[in-house]
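Residues per chain, in single letters:
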Amino acid sequence: MPDLLLELFSEEIPARMQRKAAEDLRKLVTDALVERGLVYEGAKAFATPRRLALHIAGLPVRGRDIREERKGPRVGAPEAAIQGFLKAAGLSSLDQATIISDPKKGDSYVAIIEKPGQETVAAIAEIVPAVIRGFPWPKSMRWGAASAAGASLRWVRPLHSILCTFGAETEEPEVVPFEVDGIVSSNITYGHRFHSAGAIPIKRFDDYVPSLEKAKVVLDADRRKEIILNDARTLAFAQGLELVEDEGLLEEVAGLVEWPVVLMGSFEERFLEIPGEAIRATIRANQKCFVLRDAATGALANRFLLTANLVASDGGKVITAGNERVVRARLSDAAYFFATDKGDLPDLDTLEESAGKLGLDLAKPLDQRMAKLDKLGVVFHAKLGTQGERVQRIAALARELAPIVGADPDLAERAAKLAKADLPTEMVGEFPELQGLMGRKYAELQGEHPSVCAAIEEHYKPLGPSDRVPTDPVSAAVALADKLDTLVGFWAIDEKPTGSKDPYALRRAALGVIRLVVENGVRLPLVDVVKNRAKGIFEADYHFSKYTFLSQLNTMRELFRDGEVAAEVFSDDERKIIDEAYYRDEDAGVDTAYGILTDRCAANLLSFFHDRLKVMLRDQGARHDLVDAVLGEGGGSDDLLLITHRVAALARFLETQDGKSLLAGYKRAANILKAEEKKDGEGAFSGAADLQLIAGAGLIEEKALAVALANATPAAAAAVAQEDYEGAMAALAELRPAVDAFFDQVTVNDPDPALRVNRLKLLNQLREATRAVADFGRIAG
Amino acid sequence: MAVSATLPDAMNPTRSFQGLLLTLQRFWAERGCVILQPYDMEVGAGTSHPGTMLRSLGPRPWRAAYVQPSRRPKDGRYGENPNRLQHYYQFQVILKPNPPNLQELYLQSLEAIGIDMKLHDIRFVEDDWENPTLGAWGLGWECWCDGMEVSQFTYFQQVAGIECAPVSGELTYGLERLACYLQNVESIMELNFNGLEGDEKVSYREVFLQAEQEYSRYNFEHADTAALFRRFAEAEAECRALLEKGESGERHLMVQPAYDQCLKAGHSFNLLDARGVISVTERQSYILRVRELAKACGAAWLKTAGGGAN
């Protein structure tokens, strides 16, 4: 079976786009082939800085013939129908149609259309230009003389040549003929920019890869990565060092070279006084080099590894020296930033107001930076005030949360006040990814409490489902305060995540709160916290308040009478309540409006948390339907820790035979009740069963269930009240034999109406008893 | 073939700053560029020169190369930082439309100034260029030599908010940095300016240190901010007035004087920014105001002969 080889040769493709582009090329071309009925055995795409390549193996020479029957009108149908049929089927006269007979419907016309399968070469010649023209580059450009016209070809960088051959192993492959904006397909490729000159003719994939290797191009990015990684490890090992591995950097570097050559450079030891992370950040971000550490001590070494794209005639001495120069200059900058950040700011007298407001000590460098951040008035979000205002909110909240997480309130407040102080430092300005970490370093240098230092770094955590959750109570307090402030803020201004849009990473923040609470065993009164914070945000007079709900409410004072503004924000029922309060007293009206908004904000945010909790449990492979069962109707608890405990206890219970059986019993009872309630009406079986009647006329199993319920119901309720969910489950488990026996022996719908109602009441009691623990009706399966 | 081979020693680009500059001029002159002189106004980059900014708009072919002194008031360090200056030279090449072999031409220019492709690791690293005050953007690369950025290589896609048709290729060489590498010195001030030795040698320090110190004082401490705010507003108003007065039916008769005022506004803004009197929020609005001027000038340029109007 023949193979296809396609190569799109261009100027340097950005490293970060190469892998996806290769994948897109593979998918677009193979999808289009399959759509035409051309199936293949295998396809693999490749990318280097200067080319995308695609190899598709095992294609047929031509597609399958297609035979299609198109039904037409019956014989003798009106002329218009006949003409329509002929046109649609592509026939010139009825002679070309076949007549088929049907005993019921009579004779009718059928057009049999036979299309011979398309030559694969022709299909490729149509598909590839279309794929090139519509290629989904994240950013593309026009170039050259052709760009004078409106609709010239767009590519990521100028596209220079296209190699496209098709043919079987045993024969000379043919060039698939097509042209895209003046570029004519050929069997020509080009090698390494500096190690190879001129055109290289190619037959197929089998000679393509070795020809490129000869021309100093390693086609496969994964092979280039392997080469870089192996050479880097070997060079490091020879010096008694260890490579600080970095998958992201490796991927990028492999996209910057066609022929990787790893070289080792060094820098002056004096630069090692700069925090290692900063050294790594500058060498990585600016130079795309790897750093190394001492294999024994783990300390950063004054060496780095660069990946050149050249086998230099001097063995790489000049290249290494050049890179060392740049690294030296960069580290000099970093050393300067570090020294500057440790020193006093020049304009301290202008910072006194900010320092006073935030309770900062201007004798300390990091405090100065926080005062500066406040003074600069950098906007966090137009509707949520400045960074300074945000830090004040977080500090107050951290203090409030401190006792709940077991942290010292003073330390939590102090940590919160310094948490964002590294944002205006030179180092973080240059390397934003060092935020938090540099704050910690500077806090340590000015002698802050260790928990404060840790919290400054850790308050951003956890950054995702697999990131570590901080355990130091001070860190937990500030981390919770930071995330809750963000969540409540964006809920208050009604900028919730929608669909795939979550620009402020609010889902991640909510997951962070859940993990902080659950993994640290924190009992957080979420609704109260949210309401207090939302109220604060509604009432705060930010400079930007003209955009917020607040202003709508302020102007509402004036617009209350015609109710128009209120109608945008509140429902009719809500407006009725507000109006009533307002006519009593203007302030009461506004307070009521605030109250409704905060309640709504809290309820909405709580259900967002519940959703996130379900997602988290689902991602952990747990049963998220149990969350619904535990939450029950009406929204459920805001105690996330308790919810997870209940879910865990319920899950364990449902694994047991008692649990499974009781669930089955519950479902049976619920189904019977549902059916009978339809006849007798909702609530017809509420209330306790008549024990006298049972004692007198009931069956033994009926009596047993009544007794079991009388014991289990209060026991389960008592256990729930004490948050002993295992105990509650155990109490319910006691019901199982009685329930099983009841359903075995007792006919619920007894002909005696009194007995029937009484039995249904028993089942209702069973339903109520389980509901105290979880809504079994919401459990799937 | 390296052009330097034909130059006297003192003009060798690996020894002489002015030699570097002259070698590049000669190289690009031999490839059909008109060699312009620096624009006689304060600009932040060679792109602002009307020879690039205006000429890159419209259909008419254009090839030019020139040195442009670039003023970046905020980058001043009183001459104390080895790599940062508030005034430095850019060598600018603009080719419209870009020839298909622009990368090869660029590499040849590096060879011309003494960079041996067998010894040095040259790389094209993604860099999407954008100049918000000129409403311009393009795609291209930072060109690296042994890990150091030595040039900016851009295919202009939009200038003054107008689609480039055809696209121009722009090359910008940071001359001081390139010279430091070629001459193997660690600080710009140590550069040999004239390529001579002994008593005859003139260093970059002798030519520019005093200026760096004086202008840093001016830029950061003493520039009259009230006057600058005023000048910004005046230049903005005059630019608009000239654009209006230059309107003549289908044609425009005064684009370049108007564009000068746009440049003046831009420089006043840069000085105010260096003086730290523009807040973060205001900053954006000043940039937008200059961009609006640049866009209006670009639109007017298309109504001139240079802009391809018939």
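Residues numbered from 1 in each chain as written. Chains lettered and ligands numbered in written order. Predicted model: local features only at pLDDT ≥ 70, side-chain atom pairs only at ≥ 80, totals over all residues. Heavy atoms only, no water.

- For chain B, an unreviewed UniProt entry supplies the name Glycine--tRNA ligase alpha subunit and the organism Bosea psychrotolerans.
- Listed under Catalytic activity (unreviewed entry) in UniProt, the entry text for chain B is "tRNA(Gly) + glycine + ATP = glycyl-tRNA(Gly) + AMP + diphosphate".
- Entered under Subcellular location (unreviewed entry) in the UniProt record, the comment concerning chain B runs "Cytoplasm". (UniProt positions renumbered as here; feature names shortened; annotations may be inferred.)

- Going by an unreviewed UniProt entry, chain A carries the name Glycine--tRNA ligase beta subunit and comes from Bosea psychrotolerans.
- Listed under Sequence similarities (unreviewed entry) in UniProt, the entry text for chain A is "Belongs to the class-II aminoacyl-tRNA synthetase family."
- In its Subcellular location (unreviewed entry) section, UniProt records this for chain A: "Cytoplasm".

**A look at the overall build of chain B**
(1) Moving on: Counting secondary structure elements, chain B contains eight helices and eleven strands.
(2) Moving on: Taken over C-alpha atoms, the radius of gyration comes to 20 Å for chain B, in line with the 19 Å a tight globule of 310 residues would show.
(3) Moving on: Counting only residues that meet the buried cut, chain B has 56% of its 310 residues in that class.
(4) Moving on: Partitioning the contacts of chain B with sequence separation of at least 6, the portion at a separation of at least 24 is 66%.
(5) Moving on: Charged side chains in chain B number 30 positive and 40 negative. The centres of these two groups are separated by 5 Å. (Helix = DSSP H or I, 4+ residues; strand = E, 2+ residues; numbered from the N terminus. Rg over C-alpha atoms; globule rule 2.2 N^0.38 Å. Buried < 20%, exposed > 50% of the residue type's maximum accessible area, 1.4 Å probe, protein only. Contact = heavy atoms within 4.5 Å. Lys, Arg positive; Asp, Glu negative; His and termini not counted. Charge placed at Lys NZ, Arg CZ, Asp CG, Glu CD.)

**So, the domain arrangement of chain A**
By a widely used convention, the size of an interface equals the accessible area lost when the partners come together.
(1) Moving on: If you check the domain split of chain A, you get domain 1 (3-62 + 119-214), domain 2 (66-115), domain 3 (221-342), domain 4 (377-547) and domain 5 (645-778).
(2) Moving on: Look at where the C-alpha atoms of domain 2 of chain A and domain 3 of chain A centre, and you get two points 74 Å apart. (Domains from an automatic or database assignment.)

**Focus on the pattern of salt bridges**
(1) Moving on: Per the counting criterion, the structure on display carries 71 salt bridges over all chains.
(2) Moving on: A salt bridge links A:Asp740 to A:Arg736; the shortest N-O distance between them is 3.2 Å. A residue pair is termed a helical-turn pair when its members lie 3 or 4 positions apart in one helix, as A:Asp740 and A:Arg736 do in helix α29 (residues 736-745) at four residues.
(3) Moving on: Between B:Asp273 and B:Arg283 there is a salt bridge, and its shortest N-O distance comes to 3.1 Å. With a gap of ten residues between them, B:Asp273 in helix α7 (residues 255-274) and B:Arg283 in helix α8 (residues 280-301) connect regions that are remote in the sequence.
(4) Moving on: Judged by its relative accessible area of 9%, B:Asp273 falls in the buried class. (Salt bridge = Lys/Arg side-chain N within 4 Å of Asp/Glu carboxyl O.)

**Topic: the nonpolar core**
Across soluble globular proteins, nonpolar side chains have a tendency to be buried as a group.
(1) Moving on: Formed by 165 residues in total, the largest nonpolar core has its most connected members in A:Met427, A:Leu484, A:Leu487, A:Phe609, A:Leu650 and A:Phe776.
(2) Moving on: With 14 residues, the single largest contributor to this core is helix α22 (residues 586-619) of chain A.
(3) Moving on: For A:Phe609, the contacting residues outside a window of four places in its chain are A:Leu484, A:Leu487, A:Ala510, A:Val513, A:Ile514, A:Leu526 and A:Leu640.
(4) Moving on: Core analysis: the second largest hydrophobic core is formed by 92 residues, A:Ala22, A:Val121, B:Tyr88 and B:Tyr173 among them. (Core = buried A, V, L, I, M, F, W, Y, C linked by side-chain atoms within 4.5 Å.)

**Comments concerning the interface of chain A and chain B**
(1) Moving on: Each partner contributes to the interface: chain A provides 44 residues, whereas chain B provides 41 residues.
(2) Moving on: Between chain A and chain B, a total of about 3500 Å² is buried, with carbon and sulfur atoms accounting for 52% of that surface.
(3) Moving on: Seen at the junction of chain A and chain B, the total is six salt bridges.
(4) Moving on: Taken together, chain A and chain B are joined by 22 residue pairs in polar contact (both at pLDDT 80 or more).
(5) Moving on: When residues of the side of chain A that touches chain B are traced back to their parent elements, those giving at least two are α1 (15-35), α7 (276-287), β16 (300-308) and α8 (317-342) of chain A.
(6) Moving on: With nine residues, the top contributor of residues to the side of chain A that touches chain B is α8(A). (Buried area = accessible area lost by both parts, 1.4 Å probe. Polar contact = N/O pair within 3.5 Å; in protein donor to acceptor, adjacent residues only side chain to side chain.)

**Quick look at the sheet that holds β16(A)**
Residue and element names in this part refer to chain A.
(1) Moving on: Within the open sheet, the four strands sit side by side as β13-β15-β16-β14. Their pairing is antiparallel. At either end of the open sheet lies a strand with only one pairing partner, and these are β13 (241-243) and β14 (261-266). Across the sheet, the axes of successive neighbouring strands diverge by a mean angle of 35°, strand direction being ignored.
(2) Moving on: Pairing of strand β15 (residues 290-294) with β16, which is carried by three bridges, proceeds in the antiparallel orientation. Opposite Phe290, over in β16, you have Leu305 as the bridge partner.
(3) Moving on: Most of the contacts of α8 go to β16, to which it runs at about 125°, and overall it touches β14 and β16. (Pairing = 2+ DSSP bridges. Axes fitted to C-alpha atoms, helices over the stretch in contact; angles between N-to-C directions.)

**Re the sheet that holds strand β6 (residues 106-115) of chain A**
All names here are of chain A.
(1) Moving on: If you trace the three strands from one edge of the open sheet to the other, you get β4-β6-β5, paired in antiparallel fashion. Every other strand in the sheet has two partners, leaving β4 (66-74) and β5 (98-102) as the edge strands with one partner each. Between one strand and the next, the sheet's axes are offset by a mean angle of 35°, whatever the strand orientation.
(2) Moving on: Sheet topology note: the β5/β6 ladder contains five bridges and is antiparallel. Paired with Thr98 across the bridge in β6 is Val110.
(3) Moving on: Helix-sheet contacts for helix α2 (residues 79-89) involve β4 and β6, and the interaxial angle to β4 is about 170°.

**Notes on the packing of α7(A) against α8(A)**
All names here are of chain A.
(1) Moving on: Where α7 meets α8, the closest approach of the two axes is 10 Å, and the angle between their N-to-C directions is 130°. Overall, the two elements α7 and α8 adopt an arrangement that is oblique. Crossing of α7 over α8 shows right-handed handedness. Facing Ile279, Thr282, Ile283, Asn286 and Gln287 of α7, the residues of α8 in contact are Asn323, Val326, Val327, Arg330 and Leu331.
(2) Moving on: Of the residues contributing to the contact of α7 with α8, the split by class is five nonpolar, four polar and one charged. (Parallel < 35°, antiparallel > 145°, perpendicular 65-115°, else oblique. Left-handed = near helix turned anticlockwise from the far one by under 90°. Nonpolar A, V, L, I, M, F, W, Y, C, P; charged D, E, K, R; others polar.)

**A short note on helix α10 (residues 365-376) of chain A**
Given 3.6 residues per helical turn, the α-helix brings residues three or four places apart onto the same face.
All names here are of chain A.
(1) Moving on: In this model, α10 (twelve residues) spans 16 Å end to end at C-alpha, consistent with the 16 Å of a helix rising 1.5 Å per residue.
(2) Moving on: α10 sits mainly inside the fold: nine of its twelve residues count as buried.
(3) Moving on: Inspection of α10 places Pro365, Leu366, Asp367, Gln368, Arg369, Met370, Ala371, Leu373 and Asp374 among the buried residues, and these make up the whole buried set.
(4) Moving on: Residues of α10 that are buried make contact with α8, α9 (352-358), α11 (387-405), α12 (409-419), α14 (437-445) and α15 (450-458).
(5) Moving on: Once α10 ends, the next one or two residues include Gly377, with phi positive near 65°. (Expected span 1.5 Å × (residues − 1).)

**Quick word on the pairing of strand β1 (residues 3-10) of chain A**
Residues and elements named next belong to chain A.
(1) Moving on: Summarising burial for β1: eight of the eight residues are buried, a large majority.
(2) Moving on: Neither face of β1 is left uncovered, since the one carrying Asp3, Leu5, Glu7 and Phe9 and the one carrying Leu4, Leu6, Leu8 and Ser10 both have all their residues buried.
(3) Moving on: One ladder, built from eight bridges, connects β1 with strand β7 (residues 159-167); its direction is antiparallel. Considered in β7, the bridge of Phe9 is made with Ser161.
(4) Moving on: Where β1 meets strand β3 (residues 51-57), six bridges bridge the pair, whose relative direction is antiparallel. The residue bridging Glu7 from the neighbouring strand is Ala53, located in β3.

**Observations concerning the pairing of strand β6 (residues 136-145) of chain B**
Residue and element names in this part refer to chain B.
(1) Moving on: Burial of β6 is extensive: nine of the ten residues sit out of reach of the surface.
(2) Moving on: Note that strand β4 (residues 122-126) and β6 share five bridges and pair antiparallel. Residue Ile122 lies in a different strand from β6, and its bridge partner there is Cys145.
(3) Moving on: For strand β5 (residues 129-131) and β6, the ladder comprises three bridges, and the chain directions are antiparallel. Across the sheet, the residue bridging to Trp129 is Gly138, located in β6.
(4) Moving on: A loop of four residues connects β5 with β6, the two strands running antiparallel in sequence, and Gly135 in this loop sits at a positive phi of about 60°.

**What to know about the environment of A:Ala689**
Residue and element names in this part refer to chain A.
(1) Moving on: Within the secondary structure, Ala689 is located in the loop between α25 (657-680) and α26 (691-697).
(2) Moving on: Given a relative accessible area of 9%, Ala689 falls into the buried group.
(3) Moving on: Each C-alpha atom of the pair Ala689 and Ala706 lies 8.0 Å from the other, and the pair is 17 residues apart in sequence.
(4) Moving on: Those residues in contact with Ala689 that lie beyond four places of it in its chain are Ile694, Asn758, Lys761, Leu762 and Gln765.

**A look at the confidence of the model for chain A**
The predicted coordinates should not be examined in detail at positions where pLDDT is low.
(1) Moving on: The predicted model of chain A has a mean per-residue pLDDT of 89, with 95% of residues at 70 or higher.
(2) Moving on: Overall, residues 541-565 of chain A carries pLDDT values under 50, and its contacts beyond four positions in sequence, including any with other chains, amount to 51 contacts. (pLDDT = per-residue confidence, 0-100.)

**Comments concerning the environment of A:Arg390**
All names here are of chain A.
(1) Moving on: Along the chain, Arg390 falls in helix α11.
(2) Moving on: The exposure class assigned to Arg390 is buried, which follows from its relative accessible area of 8%.
(3) Moving on: With 95 residues separating them in the primary sequence, Arg390 and Asp485 have C-alpha atoms 7.9 Å apart.
(4) Moving on: Those residues in contact with Arg390 that lie beyond four places of it in its chain are Phe380, Lys420, Asp482, Asp485 and Thr486.

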